[in-house]
Amino acid sequence: YSLDTFFQANLSILPAVMNPLRSLLKLSPETHFFDLYAGVGLFWVVFAGEVKAGWAVEESGSAGRLAEFNHRHHGLSNVSLLEGKTEDLLEKMLKEAGDGGPQAALADPPRQGLSPLALEALVQAKSFKPLVYISCNPAALMRDLASFLVAGWSKLTATPGSSVSRFS
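Residue positions are counted from 1 within each chain, in the order its sequence is given. Selection of residues for local features in this predicted model requires a pLDDT of at least 70, selection of side-chain atom pairs for listing and counting requires 80 or more, and totals for whole chains, interfaces and linings are taken over all residues. The basis for every side-chain value is the complete set of non-hydrogen atoms in the structure, without hydrogens or water.

A.B. asks: Hey, could you run me through the packing of aromatic side chains in this one?
C.D. replies: Think of a pair of aromatic rings as described by two things: how far the centres are apart, and how the planes are tilted against each other in angle. Classification of ring pairs uses Phe, Tyr and Trp, with its six-membered ring standing for Trp, and accepts pairs whose centres are within 6.5 Å; under 30 degrees between planes counts as stacked, over 60 as edge-to-face, and the remaining range as tilted. For the structure shown, the criterion picks out 4 aromatic pairs. Plain terms: the ring middles of Phe33 and Phe47 are 5.8 Å apart, the flat faces sit at 80 degrees to each other, and that makes the pair edge-to-face. Here Phe33, found in strand S1 (residues 32–35), pairs with Phe47, found in helix H2 (residues 42–47); they are 14 residues apart in sequence, far enough to count as distant. For Phe47, a relative accessible area of 0% puts it in the buried group. Taking 5.3 Å as the distance between ring centres and 85 degrees as the angle between the ring planes, the aromatic pair formed by Phe148 and Trp153 counts as edge-to-face. The pair formed by Phe148 and Trp153 is uniform in burial state, with each residue classed as buried. One aromatic cluster is present, formed by Phe34, Trp55 and Phe128 through successive ring pairs. Helix and strand definitions follow DSSP, with helices as H or I runs of at least four residues and strands as E runs of at least two, each counted in order from the N terminus. Here's how the labels work: a residue is buried when its accessible area is under 20% of the maximum for its type, exposed when over 50%, partly exposed in between, all with a 1.4 Å probe on protein chains only.

A.B. asks: Explain the pairing of S1 to me, please; I cannot follow it from the model alone.
C.D. replies: Regular strands have side chains that alternate between both faces of the sheet. Neither face of S1 is left uncovered, since the one carrying His32 and Phe34 and the one carrying Phe33 and Asp35 both have all their residues buried. Here, strands pair whenever DSSP counts at least two bridges between them. Two elements, S1 and strand S2 (residues 53–58), share 4 bridges in a ladder whose sense is parallel. Within the sheet, the bridge partner assigned to Phe33 lies in S2 and is Gly54. In this region the chain leaves S1, passes through H2 and returns to the parallel neighbour S2; the handedness of that crossover is right-handed. Strand direction decides the pairing type here: S1 and strand S4 (residues 103–107), joined by 4 bridges, are parallel. Opposite Phe33, over in S4, you have Ala104 as the bridge partner. With the strands pointing away from the viewer, any crossover whose connection runs clockwise from the first strand over the helix to the second is right-handed.

Structure follows, in structure tokens:
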């Protein structure tokens, strides 16, 4: 990591986050996994060995460069790294994945939550079974989740004591 990128500095909470995520995502060797706010690669590095293919999108160039380092360092040939905004790249990623297997997505957006365009794109991406949303800002989480519920998504699970929610 570097000073101009975000990384969860409280490493002691990672098992408390990763274990529920693994359960909520229900990944398998047939799954196409989408890490929609990938940062330096925390989630896709952990889950790449459990899925058929992965896509990691990150808007920040400095985080993207560190993600490329992590990609090479861990030899994760089944993960494609894309630099840009989720809302701009979502359609491309879904086309690359095609219809071959289940699709699971993880959204861990910045503190302000999803941009209106990203929210609209994700609400319409009905192929994700599930979409897991992580947030450190309960107000942004509630605002965004309300849009999913209005669009017909159903809330299946919220992990107590955290802001991790699973939708399908």
